[in-house]
Amino acid sequence: MDSLDLALLAEIQHDGRATYEALSRPLGLSRPAVRARLHRLLESEVVRIVGVVHPSVFGLTAYAHTAISVDGPVEPVAARVAASPQAPFVSAVAGRRPLVAELRSADQASLAAAVRDLAAIPGVRCVDTALYTEILKDTHFPPRPYSPTTIDELDRGLLAELQRDGRASFADLGVAVGLSTSAARSRVLRLLESGAVHIGARVHPGALGSAQPVGFELTFAGHATEAVERIRGMEKVQFFATALGRCDAIGTAVGHSPEEVLAVLDEIRGTPGVRSAEAWTHLRVVKESYDA
């Protein structure tokens, strides 16, 4: 992919249903040129444009990051953790604790029960937990205010269709759920405006070259509003959340070489207000499924 492809991906990530005319303006290309580029990326399966549904729509309002210490091999434990419906993300890592998992639950009581279930898995020595207090940056779901809206079965059908194809036409969406084109359009726009769903781009992991994701957790020296905003704005930081528990913040950064990874971690460590930082390398993502 060239620089124009990358710029197109950035626009699509922001609004996956943007018209070709809207996409053409910031790129300085004609509509046919943008259409051709996007179709090439989609047909090569380098990119998928999908709807990502806000977890609150599924009744999931309590989130946590767990770091799991293991006795013996990690893979059997990872498989058991991944079997939990409340664990959308599970990864074997190189670090002090060889397994990390994200939990999403309906409420704090359900979240506490999920943590206890993880701790009871054979081979788990202990589970260190950090509750997310605010998700500030997430490539799976760009943070924005969610205004709860009534979701009925027709809306759920539309959300399921958008999860498969985020750029499906209103006509096709209407046919899929038994609505007119105008009714489908009205419902989809309401879902988008409420923040119930975001349409964005998912890029094949190898499309941008060999990428190495690393996780990190931070503690701050007192109030760290400026540090949080600075780290949130770093280009290579893909996920960032403030937390309560074992650390003050958790994030994921991506580099395309050991030098890039070291550079971004050093930038994070050197940010004024950061007292300590611990990092881990993702070796194998066992589960990543945010489409409840």
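As shown above, the structure is provided for reference.
Now for a look at the structure at hand. (Residues numbered from 1 in each chain as written. Predicted model: local features only at pLDDT ≥ 70, side-chain atom pairs only at ≥ 80, totals over all residues. Heavy atoms only, no water.)

### Notes on the overall build of the chain
Move 1: On a plain count of helices and strands, the chain comes out with ten helices and ten strands.
Move 2: Relative to its length of 292 residues, the chain is compact, with a C-alpha radius of gyration of 20 Å against a globular reference of 19 Å.
Move 3: When each of the 292 residues of the chain is scored for burial, the buried share is 43%.
Move 4: Counting only contacts in the chain whose residues sit at least 6 apart along the sequence, the fraction spanning at least 24 positions is 75%.
Move 5: Accessible surface, the chain: about 14300 Å² in total, of which carbon and sulfur atoms supply 53%.
Move 6: Side-chain charges of the chain comprise 30 positive and 34 negative groups, with the mean position of each set lying 2 Å from the other. (Helix = DSSP H or I, 4+ residues; strand = E, 2+ residues; numbered from the N terminus. Rg over C-alpha atoms; globule rule 2.2 N^0.38 Å. Buried < 20%, exposed > 50% of the residue type's maximum accessible area, 1.4 Å probe, protein only. Contact = heavy atoms within 4.5 Å. Areas by Shrake-Rupley, 256 points an atom, 1.4 Å probe, with all protein chains shown as cover. Lys, Arg positive; Asp, Glu negative; His and termini not counted. Charge placed at Lys NZ, Arg CZ, Asp CG, Glu CD.)

### Side note on the packing of helix 2 (residues 20-27) against helix 3 (residues 31-43)
Move 1: Here helix 2 crosses helix 3 at 100°, and the two axes come no closer than 8 Å. Relative to helix 3, the element helix 2 is oriented roughly perpendicular. Contact residues: helix 2 offers Tyr20, Glu21, Leu23, Ser24 and Leu27, while helix 3 offers Arg31, Val34, Arg35, Leu38 and His39.
Move 2: Split into classes, the residues belonging to the contact of helix 2 with helix 3 amount to five nonpolar, two polar and three charged. (Axes fitted to C-alpha atoms, helices over the stretch in contact; angles between N-to-C directions. Parallel < 35°, antiparallel > 145°, perpendicular 65-115°, else oblique. Nonpolar A, V, L, I, M, F, W, Y, C, P; charged D, E, K, R; others polar.)

### What about the pattern of salt bridges?
Move 1: Overall, the coordinates contain 20 salt bridges when judged by the stated rule.
Move 2: One salt bridge in this structure joins arginine 37 and aspartate 5, with 2.8 Å as the shortest N-O distance. Separated by 32 residues along the polypeptide, arginine 37 in helix 3 and aspartate 5 in helix 1 (residues 3-14) bring together distant segments of the chain. Of the two residues, arginine 37 and aspartate 5, both sit in the buried class.
Move 3: Linking glutamate 161 and arginine 164 is a salt bridge whose minimum nitrogen-to-oxygen distance equals 2.5 Å. Of this pair, glutamate 161 and arginine 164 both sit in helix 6 (residues 153-164), three residues apart, which is roughly one turn of that helix.
Move 4: Sharing partners across several salt bridges, the network here consists of Arg96, Arg97, Asp128, Glu217, Arg246 and Glu278. (Salt bridge = Lys/Arg side-chain N within 4 Å of Asp/Glu carboxyl O.)

### As for empty space enclosed by the protein
Move 1: This model, assessed by the stated rule, comprises one cavity of 30 Å³ or more.
Move 2: Forming the boundary of the largest cavity are Ala67, Gly95, Arg96, Arg97, Val100, Glu278 and Trp280.
Move 3: A breakdown of the residues in the lining of the largest cavity according to their chemical character gives three nonpolar, one polar and three charged. (1 Å grid on protein atoms, 1.4 Å probe; cavity = no way out; pocket = protein on both sides within 12 Å on 5 of 7 lines; lining within 4 Å. Points joined across faces, edges and corners; volume = space filled by probe spheres on them.)

### Brief notes about the packing of aromatic side chains
Move 1: Overall, the coordinates contain two aromatic pairs when judged by the stated rule.
Move 2: Sitting above the plane of the phenylalanine 170 ring, arginine 17 keeps its charged end 4.7 Å from the centroid.
Move 3: For the cation-ring pair, arginine 167 lies above tyrosine 20, with the distance from its terminal atom to the ring centre recorded as 5.2 Å. (Phe/Tyr/Trp six-rings, centres within 6.5 Å; stacked < 30°, edge-to-face > 60°. Lys NZ or Arg CZ within 6 Å of the ring centre and 35° of its normal.)

### Considering the pairing of strand 3 (residues 89-94)
Along a regular strand, successive side chains alternate from one face of the sheet to the other.
Move 1: Counted residue by residue, strand 3 has five buried out of six residues, so it is predominantly covered.
Move 2: Sheet analysis places strand 3 next to strand 4 (residues 99-105), joined by four bridges and oriented antiparallel. In the strand pairing of strand 4, serine 91 is matched with valine 100.
Move 3: Where strand 3 folds back onto strand 4 in an antiparallel hairpin, the turn is made up of four residues. (Pairing = 2+ DSSP bridges.)

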